[in-house]
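Below are the chains, spelled out letter by letter.
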Amino acid sequence: MNTNELALKAHLLRRAGFGASRSELESISDKSYEEIVEDLVHPERFEEIDEDYLKRYNPELSYHDGHPIHAGRWIWRMINTKRPLEEKMALFWHHVFATAHYKGDHTPSTIGQIEMFRENGLTNIRQILIDLSKDPHMNYWLDNCENHSDQPNENWGRELLELFSMGVGNYSEDDVKQAARAFTGWTFEQPLPLYPYGHYESKFVFNESDHDNSEKTFLGRTGNFNGEDIIDIICEERATALFICRHLYNFFVEDEPQIPAWSIEPPRNPEAVDAMIDILMSNEGELRPVLNYMFNSDFFKNSFYKKVKNPSELVAGTLKLSGRYAVVPAEGENVGTLYNTAAVMGQALMNPPTVEGWHTGHEWIDGGTLNERVNFAVNQFNDVSSPGFEDILGRLGSAVKSVDLVDKCLDLIGPIEVGDETRQALSKYAEEVGDLELSTDEDRAENAKKIARMIQLIVATREYQFA
Amino acid sequence: MTLPFELLRSGYPYYMTLGQRRVTSNPVDIGFGKENVYVLTRGGLGTEVRVINWEDENLGTLGGASLFQWPAALLVDEDENLYVTDEANHKVVVMDKDGELIDSWGEQGSESGQLNRPSGMCFDLEGNIVLSDAMNGRIQRFTRDGKPLQVFGESGEGEGQLNMPWGLTVDQFGDVLVADWKNDRIQRFGPDGEFKSAIGSHGTEKGQFRRPSSVAVDGHGDIYVSDWQNDRVQLFNKDERYIQSFHGNASLSRSGKQYILSNLVTLRLRAEGDFEKTQRLNAPMTVKVDDQFRLFITDFGNHRIQIYQKDVVELSETEIAPKMRNPILFTT
Amino acid sequence: MTTFTQKDPVFVVVQLSGGNDFMNTLVPYSNPAYYDNRKFLNIAEEDVLPLDGTLGWHPEMAPFKELYDKGMVSVVQGIGYPDSNRSHFRGMDIWHTCAPDEVSTIGWLGNVIEQLDPRGENPLTGVNFGVGLPRAMSKAGVPVTSVSNLDEYGLMSGISAQQQRVQALQIFKDMYGQAVGSGPVMDYLSRTGMDVLSGADLIKVAPQQYESTVEYSDNPIAKSLRDVARVHTANLGTRIFYTQQGGYDTHANQLPTQPGLFRDLSRAVNDFFADLEEHDADENVVMLIFSEFGRRINDNGSGTDHGSGGGAYLVGKPMAGGLYSEYPSLERDKWEKGEDLAHTIDFRGIYGTVIEQWLGLEAAPIVYGNFEQINPFRAN
């Protein structure tokens, strides 16, 4: 495999997954780029992750009394899954359909929604919107449980159109009202209370007697519409395809302006988005063809470092490099802490700030979050006994020359590229440590820390903040 | 020691529920003092030993993070000293009933006498400690102050081999029964560590397991297995034949009742909910039996202890017809 | 640099997370209804530290009572807001954003900090001690500093050998300091990285300068308040401090839990003000202690559940001391939703009181409206 191909595969796995260690890249070295894309969009080809060890050593995962440990489990899955795009799509839909734990404070529903995205995230737009409309967490978040035939509540109808499908400017206020009426009676089963024995699940309920059964006119069509009919109509609209494709482009290819600006700012790459829309629409909303096209496109292959990593990508990607939080938890490792790790970087998974979701791109970065990102990544390489670092050390062979140290390390943790200023600063450090012998145990013991320091400096760079 | 020849099984009337969330939160094991009940808890709602009594009153906690990090099993001796395995620090920690640390032993490793994630633990007939050395895939016997006496088993899937063993017990004949967790079976070893038999395989059918976490044997030789991921406890008789499953019949504990009665909304929600859901087991971690034939299940995911009372008539050989070779339809 | 003087008003917020039980903090021990409804979880009359013949402090609040007796504590009784939300998360959000009817990402103190330092010149105008920034402090474009460990604050803090950390920081500076024109996002990253370095340089003088005879206890809230004292006495221009004490969600185990929390809190607050006094730095400091909600009137046998009306405390030399607003009624027909203490004053009025009477800013744009204020400050 030549370096360019390797770099391209690494790029693909950073975007369609959460990065890859060198041994993971080697394990797919016999597959072409196109074959890897096929594998990614067909996660069912790979075994589901074994959570038994995780649950044995983090036993509170067996009940649903608090979301942070389940959010941490999600990051653990991002690190360890053999189906990276499954988790990445779940994260994608969580970004788009931002629903926060704090309102319902009902963990089974919070984690149930993510489970739903994991299952339907690669199916089609219609399926996903219908499942979403029936999801108790979303239903409560946007008040559809208060949407009664005699007293409609428009919140869900409005956000479905504005934030979840078509975007402002593509429907009227009256369409919002009509959509809301069509979703009257869509509610959920009252869950049993948390005390004294912990949470119980809820599920979707269609309350026919509370449904407005009269005629509605929505986006120019007239009929006695129910919620499914509204979604059918929405899915016929090009505006919906544009909205979804722009989200896909923004999440997987290149940072777009923040979403509220989309109604006034055109896409960065209109041709790319147009092509994606055509594929999505001609495949009746199926996502796999459009993802396949996107990952194989030139615009994707030329999009290196055009995205700022979101905190989940940074945390999961860095832990993949260090080899921590593996399938069998190390002593005392509690996945709940991963929730907090990403939260202090600005992404409290399962708890986005508002229904508009997270502001992404460079807005992930401020003084506090940069401090957290850098320190977290650096701290993963304080310990030279981590499996990931030992793997890197092993690959450096019996000696590494000072002049090669920067390139070899950049290669092994990516490959990634850095700018001239960064390279100069890293080279200065390489010169200071000089040539490093690694042939004997003593040499390795002495020089491992110096190499770990180089890795620490690399994961502290500006360039490392990009996916 | 002899077992009754056969039993007339009347059943297992539900005896009582102890505990509630935030008191006996995430219970992993249970032990009994003269008056008090000690519940080992581990998880996001507290990692410690909770002390309650039979009136379900909360008497406070012992231990905690300063003594252990990943506690897996609890034993209470005749002086009410408490032994706790800590699978994060590869130790057995001993404290008195006031929570004072009195001993701690064990070090990480794979040599004989060393430990790698000690999990399940029980006393043998002499009062020595037998424990699952999970990551080493073996069982070890120690004196109470940590002197190694015996080691048997090795990692693997074959007969007598173990994959991440968890709970275990010693029956009245000195046999060691082990929840061979990752192999989805119970294995029986003789007192010298020789393999005797195995129960179960992977699955959800009767007699099958998904990650069994604990095993107990009562004075009739009946074997109880907490079938962790299947959310049930299964009962096998002394011949290792499947008898029945327990899925949970929880009633409200005293503290739980008090709690609900003081919360108007909780009362309303409970009045309208699917009541059956509130009774079932969720990730039962440990089963224990006492000499009064009470069955204790730490209902981990529901933060409570479910207790059944066995009701049987013991039969001698002359009080029951001999086994029949052929089935009969005429059964009046 | 923003000009500031040592005597600019400083505001310290202490958040009691989990919902503190107000009825067992300031106990209405003379009211039989208290004992009728708190059958298990009550403080016996002989144990309370009486304050006026009708109310008394929890016995573990003795160091706090000492401050009260000196006239340094103005108690806000019955603080809350209409239709209290019993969720911790949502409840705390409402306190943080002053927006009970919508989800907002703008913190009230974010607005305050922006007005105190409009051009964002001092990243230390607002300082939080704890892990992660509370929403109260956050507002896009308003730089604030969040410190989890003051002694090891800053980049590369995990590199323990001092010399190596210095080396790593120098390389960081080389990597982030030189880039200009390599794209707007890369440039922004460079600037931010350099800001973080300079902010850490500013704050690191605080632990170096600080000396005190006050010995704080060893617990999280004492540690946090000592950090506040260290930064405040270093005169770095910090106007808003934020910290919290967790553990108040006492559904069960309240009897063993709450006294320990009160012991830690009241001792720490007392030590904090003694420390400031020793440094002659207490004249310009006011502290607000609050919790996201109070707890239910009836206990549940071993604890209390999420309720609404609670209490807050304004503490400091500038306070007039005493009781403000009204203790919520314990009469059953006055209960909110049939089981809660009804609030008697809106928290936004108390924020407004601090914003206008202490910080000298206009309250309405920050708390989104005009709410009844109190007069808890000493007349000059």
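The coordinates are above.
Positions within a chain are numbered from 1, following the residues in the order the chain's sequence is written. For naming, the first written chain is A and the first written ligand is 1, with later ones following in the order written. Since the coordinates come from a predicted model, pLDDT governs what is reported: local features require at least 70, and pairs of side-chain atoms require 80 or more to be given and counted, while whole-chain, interface and lining totals use all residues. Where side-chain values are given, they derive from all heavy atoms of the structure, hydrogens and water being excluded.

**Regarding the overall build of chain B**
Here is the rule: Numbering goes from the N terminus for both helices and strands, where a helix is a DSSP run of H or I of at least four residues and a strand is a run of E of at least two. Based on C-alpha atoms, the radius of gyration is set beside the globule rule, defined as 2.2 Å times the residue count to the power 0.38. Buried residues are those whose accessible area, probed at 1.4 Å on protein chains only, stays under 20% of the maximum for their type, while exposed residues exceed 50% and partly exposed ones sit between those limits. Contacts between residues were defined by any pair of non-hydrogen atoms, one from each residue, lying within 4.5 Å. To measure how exposed things are, a 1.4 Å probe is used in the Shrake-Rupley method; for residues, cover is taken only from the protein chains shown. For this count, His and the chain ends are skipped, Lys and Arg are scored as positive, and Asp and Glu as negative. We put the charge of a Lys on NZ, of an Arg on CZ, of an Asp on CG and of a Glu on CD.
Helices and strands together make up the secondary structure of chain B, namely two helices and 28 strands. Computed over the C-alpha atoms, the radius of gyration of chain B is 20 Å, within 12% of the 20 Å expected from 2.2 N^0.38 for a compact globule of 332 residues. Overall, chain B is about 60 × 60 × 35 Å in size when its C-alpha atoms are taken along their principal axes. Within the span of chain B, comprising 332 residues, buried residues form 59% of the whole. Restricting to contacts in chain B with at least 6 residues of sequence separation, those with at least 24 account for 50%. In the structure as shown, chain B presents an accessible area of about 13,900 Å², 47% of it carried by carbon and sulfur atoms. Here chain B carries 35 positive and 49 negative side-chain charges, and the mean point of each set is 6 Å from the other.

**Here we look at the packing of helix H11 (residues 155-162) of chain A against helix H12 (residues 173-182) of chain A**
Residue and element names in this part refer to chain A. For the record, the criterion: In this analysis, axes come from line fits to C-alpha atoms, helices being fitted only over the stretch in contact, and the angle between any two N-to-C directions falls in the range 0 to 180 degrees. Each angle is binned into one of four classes, with values under 35 degrees roughly parallel, values over 145 roughly antiparallel, values of 65 to 115 roughly perpendicular, and all other values oblique. For a crossing to be left-handed, the near helix must be turned anticlockwise from the far one by less than a right angle; the clockwise case is right-handed. Each residue receives one of three labels: charged for Asp, Glu, Lys and Arg, nonpolar for Ala, Val, Leu, Ile, Met, Phe, Trp, Tyr, Cys and Pro, and polar for the others, Gly being one of them.
Put simply, H11 and H12 touch, their axes get as near as 7 Å, and they point 120 degrees apart. In terms of their interaxial angle, H11 and H12 are classed as oblique. Every pair of crossing elements has a handedness; the one defined by H11 and H12 is right-handed. Contact residues: Gly157, Arg158 and Leu161 in H11; Glu173, Asp175, Val176, Ala179 and Ala180 in H12. Taken together, the residues of the contact of H11 with H12 break down into four nonpolar, one polar and three charged.

**Looking at the sheet that holds strand S20 (residues 195-199) of chain B**
Residues and elements named next belong to chain B. Spelled out, the test is: Here, any two strands with at least 2 DSSP bridges between them count as paired.
Pairing in this open sheet of four strands is antiparallel, and the strands run S17-S18-S19-S20 from one edge to the other. Sheet topology places strand S17 (168-170) and S20 at the edges, where each strand pairs with a single neighbour. Averaged over all adjacent pairs, the angle separating strand axes in this sheet is 20 degrees, with direction ignored. When strand S19 (residues 185-189) meets S20, the two strands line up antiparallel, connected through four bridges. Among the inter-strand pairings, Ile186 is bridged to a residue of S20, identified as Ile199.

**Some remarks on the interface of chain B and chain A**
Condition: Buried area is a sum: the accessible area each of two parts loses on coming together, probed at 1.4 Å, counted once for each and added. Put simply, a salt bridge is a Lys or Arg side-chain nitrogen that is within 4 Å of an Asp or Glu carboxyl oxygen.
Counting residues at the interface gives 51 residues for chain B and 29 residues for chain A. Looking at the side of chain B facing chain A, the largest losses of area belong to Arg21, Trp70 and Lys277 of chain B, adding up to 19% of the total buried there. Here chain B is connected to chain A by six salt bridges. When the shortest N-O distance is used, the salt bridge between Glu189 of chain A and Lys277 of chain B registers 3.3 Å. Contributing elements (two or more residues each) for the side of chain B that touches chain A: helix H1 (254-261) and helix H2 (264-272) of chain B.

**Details of the nonpolar core**
Here is the rule: What we call a nonpolar core is a set of buried Ala, Val, Leu, Ile, Met, Phe, Trp, Tyr and Cys residues that are connected through their side-chain atoms within 4.5 Å.
Judged by nonpolar contacts, the single largest core of 159 residues is most densely connected at Trp93, Leu248, Phe252 and Leu291 of chain A. The greatest single-element share of this core, amounting to nine residues, is contributed by helix H14 (residues 238-252) of chain A. Beyond its immediate chain neighbours, meaning those up to four positions away, Phe252 of chain A contacts Arg15, Ala16, Leu85, Lys88, Met89, Phe92, Leu291, Met294, Phe295, Phe300 and Lys307 of chain A. Counting residues in each nonpolar core, the second largest holds 62 residues, with Met61, Leu124, Ala229 and Met287 of chain C among its members.

**Considering the side chain of His232 of chain C**
Following the sequence through the fold, His232 of chain C ends up in helix H8 (residues 220-233). By relative accessible area, which is 8% here, His232 of chain C ends up buried.

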